[in-house]
Amino acid sequence: MQKIKNYINGELIEPAAGHYIDNYNPATGKVYSLIPDSDEQDVEKAVQAALTAFPIWSVTPKEERSRIMLKISDLIEKNLEGLAIAESIDNGKPISLARTVDIPRAASNFHFYATAILHYASESHAMEDMAINYTLRTPVGIAGCISPWNLPLYLFTWKIAPAIASGCCVVAKPSEITPMTAYLLSELCIEAGLPKGVLNIVHGYGHKVGAAITAHPKIPLISFTGGTKTGAEIARTAAPMFKKLSLELGGKNPNIIFADCDFEKAIKTTLQSSFANQGQICLCGSRIFIEKPIYEKFKKEFIEKVKALKVGNPADADSRLGAVVSKSHMEKVLSYIDLAKQEGGTIVSGGFQVKLEGEFAEGYYIAPTIIEGLAYNCRTNQEEIFGPVVTLTPFETEEEVLHYADSTQYGLAAILWTENLTRAHRMASRLHAGIVWINCWLLRDLRTPFGGVKSSGVGREGGFEALHFFTEPKNVCIKLK
Ligand code: NAD
């Protein structure tokens, strides 16, 4: 069986204690590879490698850093099909999604920051003829990057690329549930000639490897994407050490559909924003609010289209939903469907585990599920389910839907469907969210600030925001007279 290895100091090595964790294929429910069960010894090795590399990497000309990163980006593109297959097997997502979204975006992350760093400049503040201030921005040091399982390589590289472009060296931990493409990336980094120690990847559990990275005194900065509860735990450890923190956390995003929307576009995109990646995208719009005049029409057509979505083997080109990521996650999602029923909801589509045939009989499949008749403030409508489950709720006024939309502890993204320009701007400015998509969803320009408010996180990724995060500003003031 294939054994994944840690990538430390430029080499692929076994974990110090020699222990491994089973890695499951969610499509079949079978173990198909082994992941290092690393511990603080491995994190320590990785930190030492990063500390040794840092004095050189941090002063390596940005053109040279850029050149190596472009090579990594090219190699990801060259290996797109193999990486997409690996991502689909490891995560359960449809191969079509891995091929068109996950892996191309991982290549773009490297490409984007390889070129962004060349245009990154700093500020100067003149005090008339008295003095000039200028801001030096130097890499912070060793960055700890911890990522989740839902968009494995996409989100892993979204952290690593700006970190190494900035001149930081990295100790990174991908999710133990989806480690494979991070492992394949380490092979590509070796091939691209990334100097040893610049990027170190330590595989294993969050409570061991993630906690050791968070607590390590030589790691002054943590970039984390994952659940809100884990984010709080990381913040508790990191705050007394005054670490720089970027936390991209959970969401429970509203998808608000006004009667004056472009109906066809709204339905088509809502299928995506509800069920792409089996609803396991932090940006999915799991609470659908529909203005009363079109509620019944929307519901009827949406149900028809959702029932036609094929749940199947992720490797099949026509599967629109693959498997959810793990058995325990499937059980969690199904338990929320039960909760919705207890809370008085009516399941109008789906609501059950899908049993496939043959080798897929033990896979983790859930029918895309639509629930109606729930109060906006019940648990089903307040807690993050992170699966193929959406609720439908009618509304009458803007005030009412704003109240519903902002009623959760989260504030990551919001989706808005209306052809009324002034309403679109008015709502966008009033919604309490880090990102608002109007008449679209998941349309991403990598230059824009990305992140959430409230329990959805602290800080922003994307564009120069990330380069700011991985560098420390120092103001220098020169008196002129
Ligand atoms: P998770 O919090 O369980 O795990 C995320 C990562 O943190 C994993 O690598 C895990 O091993 C590690 N970890 C776990 N415990 C840790 C600890 N005590 N210390 C340090 N690291 C630890 O999240 P998940 O289940 O992998 O991902 C799903 C969650 O991620 C959802 O809540 C989703 O909304 C969120 N998410 C947010 C964004 C965003 O951009 N805001 C993007 C994707 C996913």
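Anything mentioned here points back to the structure above.
The sections below set out a description of the structure shown in this document.

Definitions and limits used
Residues numbered from 1 in each chain as written. Predicted model: local features only at pLDDT ≥ 70, side-chain atom pairs only at ≥ 80, totals over all residues. Heavy atoms only, no water. Helix = DSSP H or I, 4+ residues; strand = E, 2+ residues; numbered from the N terminus. Buried < 20%, exposed > 50% of the residue type's maximum accessible area, 1.4 Å probe, protein only. Pairing = 2+ DSSP bridges. Right-handed = clockwise from strand over helix to strand, strands pointing away. Expected span 1.5 Å × (residues − 1). Contact = heavy atoms within 4.5 Å. Patch = residues over 30% accessible without salt bridge, like charges linked within 9 Å, V, L, I, M, F, W, Y side chains within 5 Å. Areas by Shrake-Rupley, 256 points an atom, 1.4 Å probe, with all protein chains shown as cover. Salt bridge = Lys/Arg side-chain N within 4 Å of Asp/Glu carboxyl O.

Looking at unusual backbone geometry
- Positioned with a positive phi, Phe242 is a non-glycine residue whose angle comes to about 55 degrees.
- Along the chain, Phe242 turns up in the loop between α8 (228–238) and β12 (244–248).
- In this model, Asn277 sits at a positive phi of 55 degrees, which is unusual for a non-glycine residue.
- For Asn277, the position within the fold is in the loop between α9 (263–275) and β14 (287–291).

Section: the pairing of strand β9 (residues 169–173)
- Most of β9 sits out of view: five of its five residues are buried.
- As paired strands, strand β8 (residues 142–146) and β9 are joined by five bridges and run parallel to one another. What sits directly across from Gly144, in β9, is Val171.
- Regarding the hand of the β-α-β motif, the stretch spanning β8, helix α5 (residues 152–166) and β9 is right-handed.
- Sheet topology note: the β9/strand β10 (residues 199–201) ladder contains three bridges and is parallel. Within the sheet, the bridge partner assigned to Ala172 lies in β10 and is Ile201.
- Crossover β9 to β10 through helix α6 (residues 180–192) is right-handed.

As for helix α2 (residues 62–78)
- Between its terminal C-alpha atoms α2 stretches 24 Å, which fits the 24 Å expected from 17 residues at 1.5 Å a residue.
- Those residues of α2 not exposed but buried are Arg65, Ser66, Ile68, Met69, Ile72, Ser73, Leu75 and Ile76.
- Packed against the buried residues of α2 are α1 (40–57), α3 (80–91), α4 (95–116), α5 and α6.

A short note on a nonpolar patch on the surface
- Together, Ile132, Tyr134, Leu136, Ile478 and Leu480 make up an exposed nonpolar region whose accessible area comes to about 390 Å².
- Take the nonpolar patch: its biggest share by element is three residues, from strand β7 (residues 131–139).
- Along the polypeptide, Leu136 turns up in strand β7.
- You can call Leu136 partly exposed: its relative accessible area is 38%.

Describing the environment of Gln353
- Assignment of secondary structure puts Gln353 in strand β16 (residues 353–354).
- Between the C-alpha atom of Gln353 and that of Ile366, which follows or precedes it by 13 residues, the distance is 4.4 Å.

A closer look at the pairing of strand β4 (residues 20–25)
- Where β4 and strand β5 (residues 30–36) come together, six bridges link them in antiparallel fashion. By the bridge assignment for β5, Tyr20 is matched with Pro36.
- The turn linking β4 back onto β5 is made up of four residues, and Gly29 within it adopts a positive phi angle of 75 degrees.

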